[in-house]
Amino acid sequence: MTNNIPDLGYTPVADVFKLPAGVNFGPCSSVAVNAKNNVLVFNRGEHALMEFDSNGNYLRTMARGIFTNPHGLRIDREGNIWATDTGSHIVVKMTADGRILMVLGVKGRTGEWHQAGHMRCFNEPNDLAFGPKGEVYITQGHGKGESLVHKFTPNGDHIKTWGGTGKESGKFDQPHSIVINAKGLLYIADRSNQRIQVFDAEGNYMRETSHPGTPCGLALCNDRQHMMMAHGHAGKIMKLDENCKVLGITGSQGKGPNQYGEAHLLALDSKEDIYIADPLNWRVQKLVKIAGGKSAKAKGKRKQ
């Protein structure tokens, strides 16, 4: 089905990141932007977690040697860095300068619960989000792992788990990304089920919308109501409202500017410029808003 959807009104910035001599990104799985508008790039290379200023100047490498298969990256309200590792089956909380504060899961082990009922091991944790009181919601099940959502206290104590692998409402097949809006609703990109599911803070199913393809990444806009979605192998970046209606679109599949092998996970800065991690093209691209909100190539409407 063909829909007329407005162009999103962004343009790519070429070669935004200035890497040190001899250093390259590996496959870039995720990206995050902190309160200073510094950009953190999470990639599957020797320098797995790198920080750059808003102009793309390299600042530092953090947590070298910690991660096996970097995946998700988020920054909490206090500026702490949280990272998920689908290879080591862990979630790591770090200070803003990379000192480890907490590890959830057991590195290299998968499993379920011990007798006290606390989470012992994850199975391929994908992404995470933070509730209004600092609660931590973690999605898991990237490939072989059971598709679940886990809720923790800010101190890492397990509260509850829901989901399971399946196609029914409330079940998942690779819950790949999660955000929580200003109303406290959880939006989960259920990638292989090609949909976004919405839950309340206790994990009660609310509704869902279909997004054919591979809906991979979600990032809230500054109003905490709208969101951007990275639409996987189609290479599309979409703006959604709180009902997940597509309001604007940009990008395509490929290797050129504003093209993606896989638009995987993404982040927005304070200006709502967009950073998109692309593990197939081994890069993070930056898209900036165009004055007037229309691209030179696509004024008015475009077809999807």
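Keep in mind that this is a model prediction, so the values were computed, not measured. (Residues numbered from 1 in each chain as written. Predicted model: local features only at pLDDT ≥ 70, side-chain atom pairs only at ≥ 80, totals over all residues. Heavy atoms only, no water.)

S.K.: Now, about the packing of aromatic side chains: what can you tell me, with residues and values included?
M.R.: Per the counting criterion, the structure on display carries twelve aromatic pairs. Relative to Y275, the ring of F17 has its centre 6.3 Å away and its plane inclined at 40°; by these criteria the two rings are tilted. In this pair, F17 sits in the loop between β2 (10-13) and β3 (28-33) while Y275 sits in strand β26 (residues 274-278), placing the two residues 258 residues apart along the sequence. For the pair formed by F17 and Y275, the shared burial category is buried. (Phe/Tyr/Trp six-rings, centres within 6.5 Å; stacked < 30°, edge-to-face > 60°. Helix = DSSP H or I, 4+ residues; strand = E, 2+ residues; numbered from the N terminus. Buried < 20%, exposed > 50% of the residue type's maximum accessible area, 1.4 Å probe, protein only.)

S.K.: Let's hear about the confidence of the model for the protein: which residues, and what values?
M.R.: A low pLDDT score tells you not to read the predicted coordinates there in detail. On average, residues of the protein score 92 in pLDDT, and 92% of them are at 70 or above. Low pLDDT (under 50) marks residues 295-304, which in the prediction has 30 contacts with non-local residues, meaning those over four places away or in another chain. (pLDDT = per-residue confidence, 0-100. Contact = heavy atoms within 4.5 Å.)

S.K.: Any chance you could break down the environment of Q259 for me, citing the residues and the numbers?
M.R.: Looking at the secondary structure, you find Q259 in strand β24 (residues 259-260). Distance from Q259 to G232, taken between C-alpha atoms, is 11 Å for residues 27 residues apart in sequence. Sequence-distant contacts of Q259, defined by excluding residues within four places in its chain, comprise S252, Q253, G254, D278, N281, R283 and Q285.

S.K.: Please set out the sheet that holds β2 residue by residue, giving values where relevant.
M.R.: Spatially, the four strands line up as an open sheet ordered β2-β27-β26-β25, and their pairing is antiparallel. The open sheet has two edge strands, β2 and β25 (265-268), and neither has a second partner. Strand-to-strand twist in this sheet, taken as the mean axis angle between neighbours without regard to direction, amounts to 25°. Alignment of β2 against strand β27 (residues 283-289), held across four bridges, turns out to be antiparallel. Opposite V13, over in β27, you have K286 as the bridge partner. (Pairing = 2+ DSSP bridges. Axes fitted to C-alpha atoms, helices over the stretch in contact; angles between N-to-C directions.)

S.K.: Describe the pairing of β26, naming the residues involved and giving the relevant values.
M.R.: On a regular strand, each side chain points to the face opposite its neighbour's, so the side chains alternate between the two faces of the sheet. Burial runs high along β26: five of the five residues are buried. Alternating positions in β26 separate into two faces, I274, I276 and D278 on one and Y275 and A277 on the other, with burial throughout. The loop that links β25 with its antiparallel partner β26 comprises five residues; one of these, E272, has a positive phi angle of about 65°. Direction of pairing for β26 relative to β27: antiparallel, over a ladder of five bridges. Paired with Y275 across the strands is K286, a residue of β27.

S.K.: Would you mind going over the sheet that holds strand β16 (residues 186-190) in detail, with residue names and values included?
M.R.: Read across the sheet, four strands follow the order β15-β16-β17-β18 without closing on themselves; strand pairing throughout is antiparallel. Each of the sheet's edge strands pairs with one partner strand only, and the pair in question is β15 (175-180) and β18 (205-210). This sheet shows a mean twist of 20° between the axes of neighbouring strands, independent of strand direction. Bridge count between β15 and β16: five bridges; the pairing is antiparallel. Residue pairing across strands places S177 opposite A189, the latter belonging to β16.

S.K.: With reference to specific residues and values, describe the pattern of salt bridges.
M.R.: Throughout the structure, instances matching the rule amount to eight salt bridges. For R195, the salt bridge goes to D190, with nearest N and O atoms at 2.8 Å. Accessibility assignment for this pair places R195 and D190 in one class, buried. For K289, the salt bridge is made with E272, and the minimal N-O distance between the two is 3.5 Å. Remark: E272 occurs in the loop between β25 and β26 and K289 occurs in strand β27; sequence separation between them is 17 residues. Relative accessible area serves as the criterion here: at 44%, K289 is assigned to the partly exposed category. By relative accessible area, E272 is classed as buried at 10%. One salt-bridge network, in which partners are shared between bridges, spans D190, R195 and E208. (Salt bridge = Lys/Arg side-chain N within 4 Å of Asp/Glu carboxyl O.)

S.K.: Outline unusual backbone geometry, listing residues and values.
M.R.: Here E124, not a glycine, exhibits a phi torsion of approximately 65°, which is positive. Mapped onto the elements of the fold, E124 is located in the loop between β10 (100-104) and β11 (125-130). Overall, the relative accessible area of 15% leaves E124 in the buried class.

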